[in-house]
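# Observations on the three-dimensional arrangement
The primary structure of each chain is shown beneath.
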Amino acid sequence: MKILVINAGSSSLKYQLMDPTSGEVFAKGLCERIYIDGKLTHKVPATGLKVERDIPMPTHSEAIEAVLSILVDPEYGVLKSTDEIDAIGHRVLHGGDKFVESCIIDEACKQAIRDCIPLGPLHNPANLMGIEACEKVMPGKPQVAVFDTAFHMTMPPKAYRYAIPTKYYEEDHLRRYGFHGTSHRYVSKRAIELMGKPASELKIVVCHLGNGSSLSAVADGKCQDTSMGLSPLAGVPMATRAGDIDTCVAQFIMNKYNMTADECLTMLNKKSGVLALSNGVSSDFRDLEAGANKGDEACQLALDKFCYEVRKYIGAYAAALGGLDCLVFTAGVGENGCTNRAAICEGLEFLGVKLDPERNKVRGEEALISADDSRVKVWVIPTNEELMIAQDTAALCGK
Ligand code: ADP
């Protein structure tokens, strides 16, 4: 079976053609600079083939057409015909409180995604464009939407409500939603398998640490709390996002520097985080580590702040769950950043977290990294959001 997984952004579109059962990736790639000019990068993992092509992409439709055409290309393709694609799974950012799980895309689903645009103004329009481009280019092909917010919909009101007047919740749906849900779901499910115990006996904290970072508290296999909020700006500091911040900081900056709310939010989303703390050295954790190793104090501060805030969330979630059995690291920094993982876990011995320094040297592969006498099992589990999307798509399409 072959599922095409699409992650459409405002000017880019990532794709993977994969088997949802084995997880084999037949081909994957990226369309960039949509609306500007257009560039396609296509890879076939089995042969190591990589092709780059400049293809005009005035809209998402041409990007999808370029993807389909390379997938059936006699030289670079992996399919004889696009009829071999059984269904398409789309990553959709914001499902609001309408979607607690993935769903087949029909008119009602598209309208619901459209209704969530005020909550996800940057991503939902792009996700819809990806869906509509596929409808245009492959009419009648079953499509499924998989929401970044869905896994977090099991949070209780005390976790998702903001302590602001009720009308903003009831009329405007302002509440904590959380993101990276597909990753948190995949990784926590895998952690439960690895722990070899019933979900009901496990209290898990998942640290998804990448360019964007979020933590979730999981009990009985269900999300109880998560660090991102109405938008992905909340929580720990990230590559370029500030994370949690006193709202008065925004008010002060807007007043003093005559900025609009949107301009201030762009600064908090794109020019803050570890990029800002390192005085602009980099948003990439490898560069920060290299800088800190050369004695750059700003790089060291950026890393210290990041690890400190992640550690605080782990402590908070252990308290929220009433205990901790399993701590999981995933995504770019979580899977590869050995030094970051060690710094995050430093001082958490009182909670029963003790890393094994040798085991913690692992990068990018599934491994237990806690010491044998650590009460809490600490795992590195590489995330695979595309596989989760492909599996949901196959299940919903009865494939
Ligand atoms: P995204 O949120 O865009 O999916 P990723 O999950 O791919 O991001 O994570 C990207 C981050 O992972 C980058 O900041 C990169 O520095 C970090 N990363 C990758 N390899 C390492 C490493 N060996 N050590 C520390 N950080 C790493």
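Before any of the text, the structure's been laid out above.
In what follows, the accompanying structure is described. What you are looking at is a predicted structure, and each value in this text was computed from that prediction instead of being measured.

Any two side chains of opposite charge can pair, so long as their charged atoms come close to each other. Applying the stated criterion across every chain, the model contains 22 salt bridges. One salt bridge connects E366 with R190, and the closest N-O pair in it is separated by 2.8 Å. Of this pair, E366 sits in the loop between α13 (338-345) and β13 (367-368) while R190 is found in helix α6 (residues 181-195), placing the two residues 176 residues apart along the sequence. Relative accessible area serves as the criterion here: at 34%, E366 is assigned to the partly exposed category. R190 gets classed as partly exposed once you look at its relative accessible area, which sits at 25%. Residues participating in the shared-partner salt-bridge network are E107, K110, R114, E132 and E135.

What follows concerns the nonpolar core. Of all hydrophobic cores here, the largest spans 38 residues; its most connected members are I314 and L327. The set of elements that each furnish at least two residues to this core consists of β9 (203-209), β10 (213-219), α10 (285-293), α11 (297-321), β12 (326-330), α13 and β14 (377-380). Sort the elements by how many residues they give to this core and α11 lands first, with 11 residues. If you look at the next biggest cluster of nonpolar residues, it comprises 31 residues, including F151, Y169, I192 and C326.

Once that is clear, we can look at the layout of surface pockets. Counted as a void, the second largest pocket has a volume near 650 Å³. Residue contributions to the lining of the second largest pocket peak at 4 residues, all from helix α8 (residues 261-270). For the lining of the second largest pocket, the residue count by class is 13 nonpolar, 6 polar and 3 charged.

In spatial order, the strands read β5-β4-β3-β2-β1-β6-β8-β7; together these 8 strands make up an open sheet with mixed pairing. A single partner strand is all that each edge strand has here, and the edge strands are β5 (49-54) and β7 (103-104). Strand direction decides the pairing type here: strand β6 (residues 87-92) and strand β8 (residues 143-147), joined by 5 bridges, are parallel. From the neighbouring strand, V92 faces β8, where its bridge partner is F147.

The next thing to look at is a nonpolar patch on the surface. On the surface, a nonpolar cluster with roughly 290 Å² of combined accessible area is contributed by Y35, I36 and M129. With respect to the helices and strands, the residue I36 is situated in the loop between β3 (25-32) and β4 (39-44).

Turning to the site of the ligand, a few remarks are in order. N211, D284, F285, G332 and R363 are the nearest of the 14 residues found near the ligand. The separation between an oxygen atom of the ligand and a polar side-chain atom of D284 is 2.4 Å. Take V333: an N or O atom from its main chain is 3.3 Å from an oxygen atom of the ligand. Protein burial of the ligand: of its 580 Å² of free accessible surface, 72% is covered by the chains. Elements with a contribution of two residues or more to the shell around the ligand: α10 and α12 (331-336). Sort the elements by how many residues they give to the shell around the ligand and α12 lands first, with 4 residues. Its residues placed into classes, the shell around the ligand shows 3 nonpolar, 8 polar and 3 charged.

On to the state of the cysteines. Within this structure, the stated rule accounts for 0 disulfides. No disulfide involves C103; its sulfur sits 3.2 Å from the nearest other cysteine sulfur, which is in C109.

About the cut-offs
Residues numbered from 1 in each chain as written. Predicted model: local features only at pLDDT ≥ 70, side-chain atom pairs only at ≥ 80, totals over all residues. Heavy atoms only, no water. Salt bridge = Lys/Arg side-chain N within 4 Å of Asp/Glu carboxyl O. Helix = DSSP H or I, 4+ residues; strand = E, 2+ residues; numbered from the N terminus. Buried < 20%, exposed > 50% of the residue type's maximum accessible area, 1.4 Å probe, protein only. Core = buried A, V, L, I, M, F, W, Y, C linked by side-chain atoms within 4.5 Å. 1 Å grid on protein atoms, 1.4 Å probe; cavity = no way out; pocket = protein on both sides within 12 Å on 5 of 7 lines; lining within 4 Å. Points joined across faces, edges and corners; volume = space filled by probe spheres on them. Nonpolar A, V, L, I, M, F, W, Y, C, P; charged D, E, K, R; others polar. Pairing = 2+ DSSP bridges. Patch = residues over 30% accessible without salt bridge, like charges linked within 9 Å, V, L, I, M, F, W, Y side chains within 5 Å. Areas by Shrake-Rupley, 256 points an atom, 1.4 Å probe, with all protein chains shown as cover. Near = heavy atom within 4 Å. Polar contact = N/O pair within 3.5 Å; in protein donor to acceptor, adjacent residues only side chain to side chain. Disulfide = S-S within 2.5 Å.

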